[in-house]
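Fold and contact review
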Amino acid sequence: MTKPPALEARGITKAFPGVLANDHVDLRLAQGEIHALLGENGAGKTTLMNILYGLYQQDEGQVFIGGQEVDIHSPNEAIAHGIGMVHQHFMLIPVMTVAENIMLGVEPRTARSRWLGFIGQLDYRRVESRVRELSSQHSLEVDPTALVQTLSVGAQQRVEIMKALYRQARILILDEPTAVLTPQESEELFQIMRSLAERGTSIIFITHKLKEVFAVADRITVMRNGQVVGSTTPEQATEQQLASMMVGREVLLRLSKAPAHPKEAVLSLENLSVNDDRGQKAVREVTLRVRAGEILGIAGVQGNGQTELVEALTGLRPIALGQVRIGEKTLKETSPRQIMEQGVGHIPEDRQKRGLVLRYSVEDNLVLCTYYQRPFAKGLIIQHEAIEENARRLIEEFDIRTPSARTPAGTLSGGNQQKVIVARELSRPIKLLIAAQPTRGLDVGSIEFLHRRLIEQRDAGYAVLLVSAELDEILALSDRIAVMYKGEIIDTLPAEQATREEIGLLMAGVGGHKTSPARQPVEVN
Ligand SMILES: Nc1ncnc2c1ncn2[C@@H]1O[C@H](COP(=O)(O)OP(=O)(O)OP(=O)(O)O)[C@@H](O)[C@H]1O
Ligand SMILES: [Mg+2]
């Protein structure tokens, strides 16, 4: 007799106002299998996972665990059935320690504080030592005493996984876990996933990166428009096939672009230094120019000052030393709004914190920076028709999947939230675009669209500063590549001369004009 699947969903159907998010979805997850779930933005992947985890109730359909039908009405019930989930947007509490976060929901009596009396202390110590035990068992490096806010994104994710393991999850749902990881961290995550799978944990792995599917998955299920369109294996499928299954058309995975014709400098940094939250120098004396008509890509392992650099350039963080000029104007203690009004667009790294007001409608989010200007306002009077018309046009152009323009942005799928930001920033009159991880969470079709669009904007005279953890993206889009390492730009190369290997080495701090005197800086103007 064959083993029953670890988990099976049959005919799962779920409607939200105006959308059929899941339409008779079937999914079989075998014991100890890593099962990749693919699908375009808004296909219904997260919805299905939220149903399995008890956050939503299906309208129709059944769920079986180890062959037994189960009814799951809450995450607690899901956990009781051995299901753990790491969400697309993390759910940790930054001011608490790792152990406290892990206790939350499991030991409610003491979860809120490690100061809560004697019993609290005992429980807390117990959690700490169990976390240490699990850490070493699964080679999952997690320090139970660290405050979550001090952890890197990769480490926070390990805490989320630890939380699930602590609760004895045998089925683990990972919703786009690699979207926020460096390639190195992703590789570490895959090791962890493989080792968990070998010990019998079954894993559902959602990703938009096809290479990862081939690196780690045993089976693949593809969704589109609320339905399962097919199921296959990495041996049978090719990247190209998966891409077209996901979006229902051919996708160009490679991009062709003509050489840039750069003009005057739009953004000039002169010995710019910026401090991080702890007052340490995160950006060190960076000098660079981004010119109209070019895309300057900043490559670097995350955490080397890119975030602080972008925050300083967009008014979210003070400049410690040095100068920033946008066109002829020098930035001085400027607010995000003042910078915006100088023609700077910003696609932020953290879309939920900085990019959107989640409870506002899609149409209002699309004019978040311009609602007080013509044509959206005349004097103090808001022009609703213009706002509606703007939304209609952008929803169509950027293929934002939303039941209506009035829908709150927070209910859109992750990738569609990202598209709202991109559409807003690219549709207002700007001369400089600062794009941090612009394709994070986008499906292959939307990435293709956005890449083409960025090149068109470049050709129309935008200056683009691109910060991306995806080396492929940097190489595909940039005209020049600056490599950031420990807060410094250690080298700047014309993209046509840059090889993946060289950039990779520079990202690890090997070579570069700052370290090897033999090499002349390429930055000329
Ligand atoms: N809480 C909600 N309220 C209303 N609509 C929702 C809600 N959650 C999801 N939806 C809708 O359901 C559809 C499927 O969304 P879902 O988040 O499952 O997509 P996804 O496949 O995870 O996409 P992505 O790759 O962008 O994360 C979308 O049209 C979305 O707008
Ligand atoms: Mg999703």
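Residues numbered from 1 in each chain as written. Chains lettered and ligands numbered in written order. Predicted model: local features only at pLDDT ≥ 70, side-chain atom pairs only at ≥ 80, totals over all residues. Heavy atoms only, no water.

**Things to note about the overall build of the chain**
- Of regular secondary structure, the chain possesses 18 helices and 22 strands.
- Since a compact globule built from 525 residues should have a radius of gyration of about 24 Å, the 24 Å found for the chain is in line with a globular shape.
- Projected onto its principal axes, the C-alpha positions of the chain cover 70 × 50 × 50 Å.
- For the chain, long-range pairs separated by at least 24 residues make up 67% of all intrachain contacts whose partners lie at least 6 apart in sequence.
- For the chain, the exposed surface amounts to about 23500 Å²; the carbon and sulfur share of it is 51%.
- Of the charged side chains in the chain, 59 are positive and 65 negative; the average position of the first set lies 3 Å away from that of the second. (Helix = DSSP H or I, 4+ residues; strand = E, 2+ residues; numbered from the N terminus. Rg over C-alpha atoms; globule rule 2.2 N^0.38 Å. Contact = heavy atoms within 4.5 Å. Areas by Shrake-Rupley, 256 points an atom, 1.4 Å probe, with all protein chains shown as cover. Lys, Arg positive; Asp, Glu negative; His and termini not counted. Charge placed at Lys NZ, Arg CZ, Asp CG, Glu CD.)

**What to know about the nonpolar core**
- Judged by nonpolar contacts, the single largest core of 50 residues is most densely connected at I161 and M193.
- Per-element tally for this core: the top contributor is helix 6 (residues 153–166), with seven residues.
- Residues in contact with I161, not counting those within four places in the same chain, are V86, L140, L172, L174, L189 and L196.
- Among the nonpolar cores identified, the runner-up in size contains 40 residues, and I347, L471, L477 and A495 belong to it. (Core = buried A, V, L, I, M, F, W, Y, C linked by side-chain atoms within 4.5 Å. Buried < 20%, exposed > 50% of the residue type's maximum accessible area, 1.4 Å probe, protein only.)

**Description of the side chain of H87**
- Mapping H87 onto the fold places it in the loop between strand 6 (83–86) and helix 3 (98–103).
- H87 gets classed as buried once you look at its relative accessible area, which sits at 11%.
- Excluding its chain neighbours within four sequence positions, the residues that come into contact with H87 are N50, Y53, L55 and D175.

**Some points on the site of ligand 1**
- Around ligand 1, the surrounding shell holds 20 residues, and the nearest of these are K45, T46, T47, S413 and G415.
- Side-chain polar atom of K45 to an oxygen atom of ligand 1: 2.8 Å apart, as the coordinates give it.
- Interatomic distance of 2.7 Å between a backbone N/O atom of G415 and an oxygen atom of ligand 1.
- Notes on ligand 1: free accessible area 640 Å², of which the protein chains cover 90%. (Near = heavy atom within 4 Å. Polar contact = N/O pair within 3.5 Å; in protein donor to acceptor, adjacent residues only side chain to side chain.)

**Thoughts on the domain arrangement of the chain**
- Its domain assignment divides the chain into domain 1 (7–247), domain 2 (252–343 + 430–525) and domain 3 (356–417).
- Distance from the C-alpha centre of domain 1 to the C-alpha centre of domain 3: 32 Å.
- On the side of domain 3, seven residues touch domain 1, which itself brings eight residues to the contact.
- Note on domain 1 versus domain 3: buried area summed over both sides is about 490 Å², and carbon and sulfur give 48% of it. (Domains from an automatic or database assignment. Buried area = accessible area lost by both parts, 1.4 Å probe.)

**Quick notes on helix 6**
- Across its 14 residues, helix 6 extends 20 Å between first and last C-alpha, which sits within 8% of the 20 Å expected from 1.5 Å per residue.
- Within helix 6, 13 of the 14 residues are buried, which leaves the element mostly enclosed by the surrounding structure.
- Phi for Q168, located one or two positions after helix 6, is positive at around 60°. (Expected span 1.5 Å × (residues − 1).)

**What to know about the environment of M484**
- Assignment of secondary structure puts M484 in strand 21 (residues 480–485).
- Sequence-distant contacts of M484, that is, excluding residues within four places in its chain, are made with V283, I298, A299, G300, N304, G305, Q306, L309 and I489.

**Here's the deal with the pairing of strand 20 (residues 463–467)**
- For strand 20, the buried fraction is high: five of the five residues fall into the buried class.
- The side-chain alternation of strand 20 yields two buried faces, one formed by A463, L465 and V467 and the other by V464 and L466.
- Pairing of strand 13 (residues 294–299) with strand 20 involves five bridges; the strand directions are parallel. Within the sheet, the bridge partner assigned to G297 lies in strand 20 and is L466. (Pairing = 2+ DSSP bridges.)

**Considerations on the packing of helix 6 against helix 7 (residues 183–198)**
- Remark: helix 6 packs on helix 7, axes separated minimally by 11 Å, with the N-to-C direction vectors making an angle of 15°. When the interaxial angle is binned, helix 6 and helix 7 end up roughly parallel. Considering the relative orientation of helix 6 and helix 7, their crossing is right-handed. Seen from helix 6, the contacting residues are G154, Q157, R158, I161 and L165; seen from helix 7, they are E185, E188, L189, I192 and L196.
- Along the lines of polarity and charge, the residues of the contact of helix 6 with helix 7 split into five nonpolar, two polar and three charged. (Axes fitted to C-alpha atoms, helices over the stretch in contact; angles between N-to-C directions. Parallel < 35°, antiparallel > 145°, perpendicular 65-115°, else oblique. Left-handed = near helix turned anticlockwise from the far one by under 90°. Nonpolar A, V, L, I, M, F, W, Y, C, P; charged D, E, K, R; others polar.)

**Re the sheet that holds strand 11 (residues 265–275)**
- Spatial ordering of the open sheet is given by 12-11-14-15, a layout of four strands whose pairing is antiparallel. Edge positions in the sheet fall to strand 12 (281–291) and strand 15 (329–330), since each of these pairs with one other strand and no more.
- In this structure, strand 14 (residues 321–326) lies alongside strand 15, joined through two bridges in antiparallel fashion. Looking at strand 15, one finds that I326 is bridged to K329.

**Brief notes about the pattern of salt bridges**
- Within this structure, the stated rule accounts for 33 salt bridges.
- Notably, a salt bridge pairs E8 with R10, separated by 3.3 Å at the nearest N-O pair.
- Residue R10 is classed as partly exposed on the basis of its relative accessible area, which comes to 37%.
- Note that K209 and E470 form a salt bridge whose closest N and O atoms lie 3.0 Å from each other. Placement of K209 in the loop between strand 8 (202–206) and helix 8 (210–216) and of E470 in the loop between strand 20 and helix 17 (471–477) is noted, with a sequence separation of 261 residues between them.
- One network of salt bridges, in which partners are shared, links K257, R458, D459 and D479. (Salt bridge = Lys/Arg side-chain N within 4 Å of Asp/Glu carboxyl O.)

**Here's the deal with the side chain of S468**
- Structurally, S468 is set in the loop between strand 20 and helix 17.
- Given a relative accessible area of 4%, S468 falls into the buried group.
- Of the polar contacts made by the side chain of S468, one reaches the backbone nitrogen of E470; its length is 3.0 Å.
- A polar side-chain atom of S468 sits 2.9 Å from a polar atom in the side chain of E473.
- Dropping the residues within four chain positions of it, S468 is found in contact with I298, Q437, E473 and I474.

**Considerations on the confidence of the model for the chain**
- Per-residue confidence for the chain gives a mean pLDDT of 89; residues scoring 70 or more make up 94%.
- The low-confidence segment residues 515–525, where pLDDT is below 50, has 16 contacts with residues more than four positions distant or belonging to other chains. (pLDDT = per-residue confidence, 0-100.)

**A few points about the packing of helix 15 (residues 414–427) against helix 16 (residues 444–459)**
- Where helix 15 meets helix 16, the closest approach of the two axes is 12 Å, and the angle between their N-to-C directions is 15°. It follows from the interaxial angle that helix 15 and helix 16 lie roughly parallel. Here helix 15 and helix 16 pass one another in a crossing that is left-handed. Contact residues: K419, V422 and L426 in helix 15; S446, L450, R453, L454 and Q457 in helix 16.
- Its residues assigned to classes, the contact of helix 15 with helix 16 shows four nonpolar, two polar and two charged.

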